[in-house]
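Spelled out from the first residue to the last, the chains are:
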Amino acid sequence: MSILITGGAGYIGSHTLIELSNAGEEFVVYDNLSNASKEALKRVEQTIHKPLAFIEGDIEECYAKPNLAKTLLGWETTKNIEQLCKDSWHWQNKNPHGYEK
């Protein structure tokens with residue numbers, strides 16, 4: 001079974017690819033490259049010494065499996081979905097124009 005890694009060409013995603021490769025996992029990278037570049041993927045390939053399966057595209061909806069992230073990567077959530085939505089609402093309320101100045 002391969003793991004689909006969305007946003008795999010970004011900073012966190014590219015480091016995740018290396019960790020998954022070190023753990024012997026197979027994966028496919030899916031990224032729209034809006035905040036990343038193919039250069040990052042080339043660097044990952046150089047680091048793990050094998051080519052990546054890469055699909056350029058944009059994902060509308062995805063579902064996470066927190067138990068898989070904990071098992072494979074040792075990552076554990078510190079907030080539930082209600083807290084994340086609340087934090088997001090507060091941030092958007094304080095920053096109505098996003099990151100624009």
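Our subject is the structure that appears above.
Source: prediction; values computed, not measured.

Visitor: Any chance you could break down the overall build of the protein for me, citing the residues and the numbers?
Guide: Within the protein one finds four helices and three strands. Moving toward the C terminus, one meets the helices and strands of the protein in the order β-α-β-α-β-α-α. Each of the three principal axes of the protein carries a C-alpha extent, and together these read 45 × 30 × 20 Å. The contacts in the protein between residues at least 6 apart in sequence include a share of 58% that link residues at least 24 apart. Carbon and sulfur atoms make up 52% of the accessible area of the protein, which totals about 8100 Å².

Visitor: Report on the side chain of D31, specifying residues and quantitative values.
Guide: Mapping D31 onto the fold places it in strand 2 (residues 26–31). Buried and unpaired, D31 has no salt bridge, with K38 as the nearest side chain of opposite charge at 11 Å. Within the structure, D31 has its side chain in polar contact with the backbone nitrogen of A9 (distance 2.9 Å). Side-chain polar atoms of D31 contact the backbone nitrogen of L33, separated by 2.6 Å. Setting aside anything within four residues of it in sequence, one finds D31 in contact with G7, G8, A9, G10, A36, F54, I55, E56 and G57.

Visitor: So, the packing of helix 1 (residues 11–22) against helix 2 (residues 38–48): which residues are in play, and what are the values?
Guide: The geometry of helix 1 relative to helix 2 is characterised by a closest axis approach of 10 Å and an angle of 20° between their N-to-C directions. For the element pair helix 1 / helix 2, the angle class is roughly parallel. Of the two possible hands of crossing, helix 1 and helix 2 adopt the one that is right-handed. Side by side, helix 1 and helix 2 meet where S14, L17, I18 and S21 of the first sit next to L41, V44, T47 and I48 of the second. Split by residue class, the contact of helix 1 with helix 2 holds five nonpolar, three polar and no charged.

Visitor: Which residues make up the pairing of strand 1 (residues 2–6), and what values do they have?
Guide: Burial along strand 1 is one-sided: the face carrying I3 and I5 is buried and the face carrying S2, L4 and T6 is not. Bridging between strand 1 and strand 2 involves five bridges; their strand directions are parallel. The residue bridging I5 from the neighbouring strand is V29, located in strand 2. With respect to chirality, the unit in which strand 1 leads through helix 1 into the neighbouring parallel strand 2 is right-handed.

The rules behind each value
- Residues numbered from 1 in each chain as written.
- Predicted model: local features only at pLDDT ≥ 70, side-chain atom pairs only at ≥ 80, totals over all residues.
- Heavy atoms only, no water.
- Helix = DSSP H or I, 4+ residues; strand = E, 2+ residues; numbered from the N terminus.
- Contact = heavy atoms within 4.5 Å.
- Areas by Shrake-Rupley, 256 points an atom, 1.4 Å probe, with all protein chains shown as cover.
- Buried < 20%, exposed > 50% of the residue type's maximum accessible area, 1.4 Å probe, protein only.
- Lys, Arg positive; Asp, Glu negative; His and termini not counted.
- Salt bridge = Lys/Arg side-chain N within 4 Å of Asp/Glu carboxyl O.
- Polar contact = N/O pair within 3.5 Å; in protein donor to acceptor, adjacent residues only side chain to side chain.
- Axes fitted to C-alpha atoms, helices over the stretch in contact; angles between N-to-C directions.
- Parallel < 35°, antiparallel > 145°, perpendicular 65-115°, else oblique.
- Left-handed = near helix turned anticlockwise from the far one by under 90°.
- Nonpolar A, V, L, I, M, F, W, Y, C, P; charged D, E, K, R; others polar.
- Pairing = 2+ DSSP bridges.
- Right-handed = clockwise from strand over helix to strand, strands pointing away.

All quantities given are derived from atomic positions and should not be read as evidence of function.
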